[in-house]
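Observations on the three-dimensional arrangement
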Amino acid sequence: MSFPVTRMRRLRQNETLRGMVRENRLAREDLILPLFVVEGTGVREAIGSMPGVFRYSVDQVVVEAKRVAALGVPGVILFGIPAEKDARGSGADDSEGIVQRASRAIVDALPELCVITDVCLCEYTSHGHCGVLDGHEVDNDASVERLARTAVSHAQAGATIVAPSDMMDGRVGAIRRELDANGFENVAILSYAAKYSSAFYGPFRDAAESTPEFGDRRGYQMDPANRREALREMQLDLDEGADMLMVKPAMAYLDILADARREFSVPLAAYHVSGEYSMIKAAGERGWIDADRAMEESLISIKRAGADLILTYAAAEIAERL
Ligand code: PBG
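The sections below set out a description of the structure shown in this document. (Residues numbered from 1 in each chain as written. Predicted model: local features only at pLDDT ≥ 70, side-chain atom pairs only at ≥ 80, totals over all residues. Heavy atoms only, no water.)

**Points about the side chain of His154**
Along the polypeptide, His154 turns up in helix H4 (residues 140-156). Setting aside residues no more than four positions away along its own chain, His154 makes contact with Ala92, Val99, Gln100, Ser103, Thr117, Asp118, Val119, Ala159 and Val162. (Helix = DSSP H or I, 4+ residues; strand = E, 2+ residues; numbered from the N terminus. Contact = heavy atoms within 4.5 Å.)

**Some words on the side chain of Asp166**
Topologically, Asp166 is positioned in the loop between strand E8 (161-164) and helix H5 (171-181). There is a polar contact of 2.7 Å between the side chain of Asp166 and the backbone nitrogen of Met168. Only 3.2 Å separates the side chain of Asp166 from the side chain of Arg171, close enough to count as a polar contact. The residues contacting Asp166, other than those within four sequence positions of it, are Val119, Cys120, Cys130, Leu147, Arg171 and Tyr220. (Polar contact = N/O pair within 3.5 Å; in protein donor to acceptor, adjacent residues only side chain to side chain.)

**Side note on the layout of surface pockets**
Approximately 300 Å³ is the volume found for the largest pocket. Along the walls of the largest pocket sit 18 residues, with Glu137, Val138, Met168, Gly219 and Tyr220 positioned nearest its centre. Broken down by secondary-structure element, the contributors of at least two residues to the lining of the largest pocket are strand E7 (137-138) and helix H7 (228-239). In this structure, the second largest pocket spans a volume of roughly 210 Å³. What lines the second largest pocket is a set of 17 residues, and nearest its centre among them are Gly52, Glu64, Arg67, Tyr313 and Ala316. (1 Å grid on protein atoms, 1.4 Å probe; cavity = no way out; pocket = protein on both sides within 12 Å on 5 of 7 lines; lining within 4 Å. Points joined across faces, edges and corners; volume = space filled by probe spheres on them.)

**Observations concerning the pairing of strand E11 (residues 268-272)**
In terms of residue burial, E11 counts as a mostly covered element, since 5 of its 5 residues are buried. Because side chains alternate across E11, one face comprises the buried residues Leu268, Ala270 and His272, and the other comprises Ala269 and Tyr271, equally buried. For the handedness criterion, the β-α-β arrangement of strand E10 (residues 244-248), helix H8 (residues 254-263) and E11 is classed as right-handed. By the bridge criterion, 4 bridges tie E11 to strand E12 (residues 309-312) in an arrangement that is parallel. Counted as the bridge partner of Tyr271 is Leu311 from E12. (Buried < 20%, exposed > 50% of the residue type's maximum accessible area, 1.4 Å probe, protein only. Right-handed = clockwise from strand over helix to strand, strands pointing away. Pairing = 2+ DSSP bridges.)

**Brief notes about the site of the ligand**
Lining the immediate environment of the ligand, one finds 19 residues, of which Lys195, Arg205, Lys248, Ser274 and Tyr313 sit closest. In the environment of the ligand, an oxygen atom lies 2.7 Å from a nitrogen or oxygen atom belonging to the side chain of Ser274. One of the side-chain nitrogen or oxygen atoms of Tyr313 is found 2.6 Å away from an oxygen atom of the ligand. The fraction of the free accessible surface of the ligand (400 Å²) that becomes covered by protein chains is 100%. (Near = heavy atom within 4 Å. Areas by Shrake-Rupley, 256 points an atom, 1.4 Å probe, with all protein chains shown as cover.)

**Brief notes about H8**
For H8, every residue scored as buried is listed here: Leu254, Ile256, Leu257, Asp259 and Ala260. In this structure, the buried side of H8 is in contact with strand E9 (188-195), H7, E10, E11 and helix H10 (291-305).

**Some details on the packing of helix H2 (residues 58-70) against helix H3 (residues 98-109)**
Two elements in contact, H2 and H3, have axes whose closest approach is 9 Å; the angle formed by their N-to-C orientations is 45°. In this view, H2 runs oblique relative to H3, as classed from their interaxial angle. Our pair here, H2 against H3, has a crossing hand that is right-handed. Residue-level contacts link Val58, Val61, Val62, Ala65 and Lys66 of H2 to Ile98, Arg101, Ala102, Ala105, Ile106 and Ala109 of H3. Tallied by class, the residues present in the contact of H2 with H3 amount to 9 nonpolar, no polar and 2 charged. (Axes fitted to C-alpha atoms, helices over the stretch in contact; angles between N-to-C directions. Parallel < 35°, antiparallel > 145°, perpendicular 65-115°, else oblique. Left-handed = near helix turned anticlockwise from the far one by under 90°. Nonpolar A, V, L, I, M, F, W, Y, C, P; charged D, E, K, R; others polar.)

**Examining empty space enclosed by the protein**
Evaluated as defined, the whole model comprises 1 cavity of 30 Å³ or more. By volume, the largest cavity is sized at about 130 Å³. What lines the largest cavity is a set of 17 residues, and nearest its centre among them are Cys122, Lys195, Tyr201, Phe204 and Lys248. Here the lining of the largest cavity is composed, by residue class, of 7 nonpolar, 4 polar and 6 charged.

**What to know about the environment of Ile161**
Checked against the element boundaries, Ile161 lands in strand E8. On the basis of relative accessibility, which here comes to 10%, the residue Ile161 falls in the buried class. Considered as a pair, Ile161 and Ala283 are 122 residues apart in the sequence and their alpha carbons are 34 Å apart. When sequence neighbours within four positions are dropped, the list of residues in contact with Ile161 reads Cys114, Val115, Ile116, Thr117, Ala188, Leu190 and Met244.

**Section: the environment of Ala225**
Looking at the element boundaries, Ala225 is found in the loop between helix H6 (202-208) and H7. Spatially, the C-alpha atom of Ala225 lies 9.3 Å from that of Tyr196, the residues being 29 residues apart in sequence.

**Description of the packing of aromatic side chains**
This structure, assessed with the given rule, holds 9 aromatic pairs. Measuring from centroid to centroid gives 6.1 Å for Tyr271 and Tyr313, while their planes differ by 45°, and the two rings are tilted. Of this pair, Tyr271 sits in strand E11 while Tyr313 sits in the loop between E12 and helix H11 (315-321), and the two are 42 residues apart along the sequence. There is no split in this pair, since Tyr271 and Tyr313 are both buried. (Phe/Tyr/Trp six-rings, centres within 6.5 Å; stacked < 30°, edge-to-face > 60°.)

This is the structure in structure tokens:
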């Protein structure tokens, strides 16, 4: 049946009808807010390359977590910026490390909030790579051991979900084994399974001071040109025990998200990364786009492509508007 019998505009006549036939909606429950934690007290320091995003000391991150929990955001993901870094990333699995202290403080104050931790070495290594080095190469197996220890220390600090973002081979299996061996069989793994080597991480590296000292991450993160390979990465992580999968970045990789939705029944997350967020904010500041609408349109496109959960720096402002 075609025009004039069919008129697509009939169901677009007014907001009531549009609302009735709307296929996807953003909900507060979908949102996870990334938080950056630094040493000190009373710190709430703006990040120049990420308008509206701050680095918080442990006491202040609790204040912010309370604010976003009150808005109905169900989870936060923690990134630590330690005072000191070394070659092996010692701060990553230190029980008194920055993320461990932040996690304990948030769990104490807000037992209902889901605390997720990013498991990676890049914020803790002096060279800025995501694992430990052997010469100028990242040593996969030695890094996996450090990452598994890091995940256990996050679990000991009360994390509900650990999210490895390093892209080493075999890390999900090693983390699962190490968690189980330490009595944390109920701590879930959200694997950054399809994480691409992306220019869109630029502002984050500024915020987390984690730009590699030499080289880049192409030896472990995925090539942006590859699509089928993402399904292999995701299948491997599921086989190793991942509970949920993540695609990252989000907007330039909606095809990957749609593929994953078709292929797998596990919950899917997508990370609307720093560059994706800051581009919208920057264009909005210049008056070139309506940043609020562009942000919502971006996030709904991620949901439409198949994500259950969206990690976004805009989680609080979106929850406020919903
Ligand atoms: C750590 C990590 C990164 C991001 C999340 N976890 C940076 C990177 O891989 O360089 C990026 C997040 C963002 O850009 O918002 N490996």
